[in-house]
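Commentary on secondary and tertiary structure
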Amino acid sequence: MAAPVSGMAGSTSTGNATSFQKKPRRKLVSIPGTRPSVQNGQLLVSSGVSSLDYVIGGGLAVGTLLLVEEDRYDSYSHMLLRYFLAEGVVCGHELFLASARDHPDEIVQELPSPIVDDVAGMKISEGQSQPSDPENPDTMKIAWRYQNQPRYILFLSCSFSPLPVPYHALLKSIQTVIRKEGFDGSTPQSKVRNVLRLGLHSLGSVLWGDDVCCKDNPAHCHALTTFLYALRGLLRTSLSVAMVTVPSHLIQNRAVMGRIIRLSDTAIALESFRGSEKETNPLYKDYHGLLHVRQLPRLNCLSCEVPDTKDLAFKLKRKQFTIEVTSECLSIKWRQMKGPRLLLKPHHWPLIKLSVVKLLIVNQEVYCLRRTSSLCL
Amino acid sequence: MFPELNSILNSTPDSFKSSDFILVSDRRADASFLIHHYLSFYLRAGCKVCFLGLVQSFSHYSAVSQRLGVSLAQAREKGQLVFLEGLKDSVGVLLQEDTSQETQPLSYVRSPGAGLEGLFRFVECSMRQSGDGDAGESWGPPVLLIDDLSVLLSLGVSVGAILDFTLYCQATMCSELQGNMVILVRCEEEDADDVDEEGSNLLQRGLVHQCNLALHVEGLPTGYCRDIHGQMEVWWRQRGENIYNQRKIFHFKVHDKGASFFARGTSSAVL
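Only a predicted model underlies this, so the values are computations on that prediction, with no experimental measurement involved. (Residues numbered from 1 in each chain as written. Chains lettered and ligands numbered in written order. Predicted model: local features only at pLDDT ≥ 70, side-chain atom pairs only at ≥ 80, totals over all residues. Heavy atoms only, no water.)

1. Some points on the overall build of chain A
Each helix and strand in chain A was counted, giving ten helices and 15 strands. The burial tally for chain A puts 45% of its 377 residues in the buried class. For chain A, the computed accessible surface area is about 21200 Å², with 54% contributed by carbon and sulfur atoms. (Helix = DSSP H or I, 4+ residues; strand = E, 2+ residues; numbered from the N terminus. Buried < 20%, exposed > 50% of the residue type's maximum accessible area, 1.4 Å probe, protein only. Areas by Shrake-Rupley, 256 points an atom, 1.4 Å probe, with all protein chains shown as cover.)

As structure tokens, this is what we get:
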């Protein structure tokens, strides 16, 4: 027969068993589509391609700039831009898209649909496949394009700005959007905080009024670098992420390209195999190109994510873009070298002379290039 | 502050050389961890620090310094640290319509051809104000830290104007006020084909000529390694009567809370 609880509690306490009070849970304001990084607590958003997120350290940090060096025909970099924007649509972020070549409406019509992990039904809801949805007209704000610029704009010298007119106007427009929509924290508490995704296509190309891509000694050699510097300043003061693609294969001056990379936070380069001799190389038959990680940012910490390996390749299968490590890349240089290779066994180790011998490790076996038949192995 | 680097350079917050011009440079690597070291070093030593943060925001340096044990916000409130928020304020300067206030510190953003006089006036003004704290505290010798100077080249300022600026700063800070200067310069790869007349390599060569101590950070010549992040070359240049020209190379690895330096070939990954 159980005694009543209050009697069992004894004389030391009152009706409540303990004097501790549960701390009222603060309602954490979390922005949809973002998550904190495990390394340094930075707020991350996805770039739209999960294997790219993995390669750049978990995702894109809010307030940073991702630079994508375009491949030769601007096919895969354009696709990455569309994945970035599509991810923004799915997460409910605001979008800002600027393109000098294509109309932003056309780019938006071609955004990829999300992959549905539904085994039963592969149908994708109509609302998602058409991002320009009339029911939600303000989930996206398409801002900008430059087409059919009158010729005189290129000759107009802005005495009050070192930037050419298109870049100046673009920067001003971005600043206006950030201020007006309150991404820099200047709105009252009632509005839900959201992230702004900026997609800037093919900056530095001739269509933006910049001649850094078409001349060895361009007249505007500091235009793009000044723009990127100011853009990063804007990003740091607001809840926004930018992805900029640059046709780096057209920029002759390597020093300018180095500066552009250093002025961005994360920088990757795409090299597609289409049209090059690597297309027919049997080792690359599964892949469509190589991905080079040029720079990873150090944000609020001393050390950055150091990748395991730098041999990365990408492939596009059924509209899914994946990036993989290729250890086979190492063996390419070997197949091009003439001469037989010798598989080293443990009993060979004491016999190896201290000469410069190249070693190759494939599938945990060590190979060495046999220089001449008189090698003492 | 990295204790191993202090022992390599033979300096502690209690005893360090004054009138020193230290140049930190890198090529295809990131030497900004050395700037964080010097920032926490001089703040711990009680010097009055003027920091020109041209590439990162204040919160970035503050977060890193927190891990190294120094609070930048407190130092700024007390008046020990003067921070120029170059990155965030430059947007406003670039986009504003009026052309007044030409000698603002960030006036080079709008008119890069006009030189860096505004920036120098800012540095001079903040350094000459030492001893004006609320509690009447007098700080140690003034220190100027710049992160990083080569970004001015990206904005269109000429190499000559930047070298003039550093010469003026050295004359004021090191010779007149007996303080120190630490500058970070990021260089590009050496390209044998085209001689870069207006490049950061030219700037780095000019600054190396002026400095007392040059720390140059590069990647390993043998390629990418996960455990050794790069090599640092320390070049003690001539100073006063003692003309000694000593160079040493160390390997380093950067952690979360510091960096470790070791002689070449003695990394724990190798041994």
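2. Focus: the side chain of Asp148 of chain B
Residue and element names in this part refer to chain B. Inspection of the secondary structure assignment puts Asp148 in the loop between β4 (140-147) and α8 (151-154). Arg186 provides the closest opposite charge to the buried, salt-bridge-free Asp148, at an N-O distance of 5.0 Å. Only 2.6 Å separates the side chain of Asp148 from the side chain of Ser150, close enough to count as a polar contact. In this structure the side chain of Asp148 is engaged in a polar contact, spanning 3.2 Å, whose partner is the backbone nitrogen of Val151. What Asp148 contacts, discounting residues up to four positions off in sequence, is Leu54, Val55, Leu184 and Arg186. (Lys, Arg positive; Asp, Glu negative; His and termini not counted. Salt bridge = Lys/Arg side-chain N within 4 Å of Asp/Glu carboxyl O. Polar contact = N/O pair within 3.5 Å; in protein donor to acceptor, adjacent residues only side chain to side chain. Contact = heavy atoms within 4.5 Å.)

3. A short note on the packing of helix α8 (residues 223-236) of chain A against helix α5 (residues 86-95) of chain B
Two numbers describe a pair of packed helices, the interaxial angle and the distance between the axes. Running from N to C, α8 of chain A and α5 of chain B cross one another at 115 degrees; their axes reach a closest spacing of 8 Å. One way to sum up the angle between α8 of chain A and α5 of chain B is to call them roughly perpendicular. Crossing of α8 of chain A against α5 of chain B: the hand is left-handed. On the side of α8 of chain A, the interface is formed by Thr226, Tyr229, Ala230, Arg232, Gly233, Leu234 and Arg236 of chain A, while α5 of chain B contributes Gly86, Leu87, Lys88, Ser90, Val91 and Leu94 of chain B. Its residues placed into classes, the contact of α8 of chain A with α5 of chain B shows six nonpolar, four polar and three charged. (Axes fitted to C-alpha atoms, helices over the stretch in contact; angles between N-to-C directions. Parallel < 35°, antiparallel > 145°, perpendicular 65-115°, else oblique. Left-handed = near helix turned anticlockwise from the far one by under 90°. Nonpolar A, V, L, I, M, F, W, Y, C, P; charged D, E, K, R; others polar.)

4. Overview of unusual backbone geometry
All names here are of chain B. Each neighbour pair has its own omega, and for Asp147 with Asp148 the value is -15 degrees, a cis peptide bond. Notably, Ser19 is not glycine yet its phi reads approximately 55 degrees, a positive angle. Among the structural elements, Ser19 can be located in the loop between α1 (3-9) and β1 (21-27).

5. A closer look at the sheet that holds strand β1 (residues 34-36) of chain A
By definition, the strands of a sheet pair up through backbone hydrogen bonds, in either a parallel or an antiparallel sense. Residue and element names in this part refer to chain A. One open sheet accounts for three strands, arranged β1-β2-β3; its pairing is antiparallel. The outermost strands of the open sheet, each flanked by one partner alone, are β1 and β3 (60-61). Alignment of strand β2 (residues 43-45) against β3, held across two bridges, turns out to be antiparallel. Of the residues in β3, the one forming a bridge with Leu44 is Ala61. (Pairing = 2+ DSSP bridges.)

6. Description of the pattern of salt bridges
Two side chains that carry opposite charge are able to pair once their charged atoms sit near each other. Summed over all chains, the structure comprises 19 salt bridges over all chains. Between Asp265 of chain A and Arg236 of chain A there is a salt bridge, with the nearest N and O atoms lying 3.0 Å from each other. In this pair, Asp265 of chain A sits in the loop between α9 (254-263) and β9 (266-272) while Arg236 of chain A sits in helix α8, placing the two residues 29 residues apart along the sequence. We note that Asp265 of chain A, like Arg236 of chain A, is buried. Between Arg247 of chain B and Glu233 of chain B there is a salt bridge whose closest N-O contact spans 2.9 Å.

7. Considering the confidence of the model for chain A
All names here are of chain A. Confidence in the prediction of chain A, expressed as mean pLDDT, is 72, and 65% of residues score 70 or more. Note on residues 1-14: pLDDT under 50 across the span, and one contact to partners over four residues away in sequence or across chains. With pLDDT under 50 throughout, residues 118-159 is counted as low confidence; its partners more than four residues away or in other chains account for 57 contacts. (pLDDT = per-residue confidence, 0-100.)

8. Let's talk about the sheet that holds strand β3 (residues 81-85) of chain B
Residues and elements named next belong to chain B. The strand order across the open sheet built from nine strands is β3-β2-β4-β5-β1-β6-β7-β8-β9, with neighbouring strands paired in mixed fashion. Only two strands of the sheet have a single neighbouring strand rather than two, namely β3 and β9 (259-263). Ignoring which end each strand starts from, the neighbouring axes of this sheet average 20 degrees apart. Where strand β2 (residues 47-53) and β3 come together, five bridges link them in parallel fashion. Note that in β3 the partner of Cys50 across the bridge is Val82.

9. Here's the deal with the state of the cysteines
Applying the stated rule across the entire model yields zero disulfides over all chains. The thiol of Cys214 of chain A is unpaired, and the distance to the nearest cysteine sulfur, on Cys213 of chain A, comes to 7.1 Å. Looking at Cys214 of chain A, the relative accessible area reads 46%, which means it is partly exposed. Unpaired in terms of disulfides, Cys169 of chain B finds its nearest cysteine sulfur in Cys50 of chain B, a separation of 8.6 Å. (Disulfide = S-S within 2.5 Å.)

10. Observations concerning the interface of chain B and chain A
The interface is formed by 47 residues belonging to chain B together with 33 residues belonging to chain A. Considering only the surface of chain B that becomes buried against chain A, Leu94, Leu95 and Tyr224 of chain B emerge as the three largest contributors, covering 18% of it. Counting every contact that joins chain B to chain A gives three salt bridges. Salt-bridge contacts for Asp30 of chain B lead to Arg298 of chain A; the nearest nitrogen and oxygen are separated by 3.3 Å. Counting across the interface, chain B meets chain A through eight residue pairs in polar contact (both at pLDDT 80 or more). Among the elements of the structure, α2 (32-44), α3 (58-67), α5, α6 (107-110), α8 and β5 (180-187) of chain B are those that each provide at least two residues to the side of chain B that touches chain A. Its residues placed into classes, the side of chain B that touches chain A shows 19 nonpolar, 15 polar and 13 charged. (Buried area = accessible area lost by both parts, 1.4 Å probe.)

11. A short note on the nonpolar core
Nonpolar side chains in soluble globular proteins tend to end up buried together. Counting residues in each nonpolar core, the largest one holds 129 residues, and the members touching the most others are Leu200 and Phe227 of chain A together with Leu34, Tyr38, Tyr108, Leu215 and Phe261 of chain B. Broken down by element, this core gets its largest block of residues, nine residues, from α8 of chain A. (Core = buried A, V, L, I, M, F, W, Y, C linked by side-chain atoms within 4.5 Å.)

12. A short note on the packing of helix α7 (residues 165-181) of chain A against α8 of chain A
Residues and elements named next belong to chain A. With their axes 10 Å apart at the nearest point, α7 and α8 run at an angle of 5 degrees to one another. Comparing the axis directions of α7 and α8 gives the class roughly parallel. Of the residues in α8, those in contact with Tyr167, Leu170, Leu171, Ile174, Gln175 and Ile178 of α7 are Ala223, Leu224, Phe227, Ala230, Leu231 and Leu234. Among the residues making up the contact of α7 with α8, the classes are represented as eleven nonpolar, one polar and no charged.

13. Brief notes about the environment of Gly209 of chain A
Residue and element names in this part refer to chain A. Turning to its location among the elements, Gly209 is positioned in the loop between β7 (196-201) and α8. What makes Gly209 buried here is its relative accessible area of 12%. Sequence separation between Gly209 and Pro166 is 43 residues, and the spatial gap between their C-alpha atoms is 6.7 Å.

14. Focus: the packing of aromatic side chains
Residues and elements named next belong to chain B. All told, the structure shown has 18 aromatic pairs over all chains when counted by the stated rule. Ring geometry for Phe16 and Tyr42: centres 5.4 Å apart, planes at 80 degrees, overall edge-to-face. Of this pair, Phe16 sits in the loop between α1 and β1 while Tyr42 sits in helix α2; the two residues are 26 residues apart in sequence, bridging distant segments of the chain. What makes Tyr42 buried here is its relative accessible area of 2%. (Phe/Tyr/Trp six-rings, centres within 6.5 Å; stacked < 30°, edge-to-face > 60°.)

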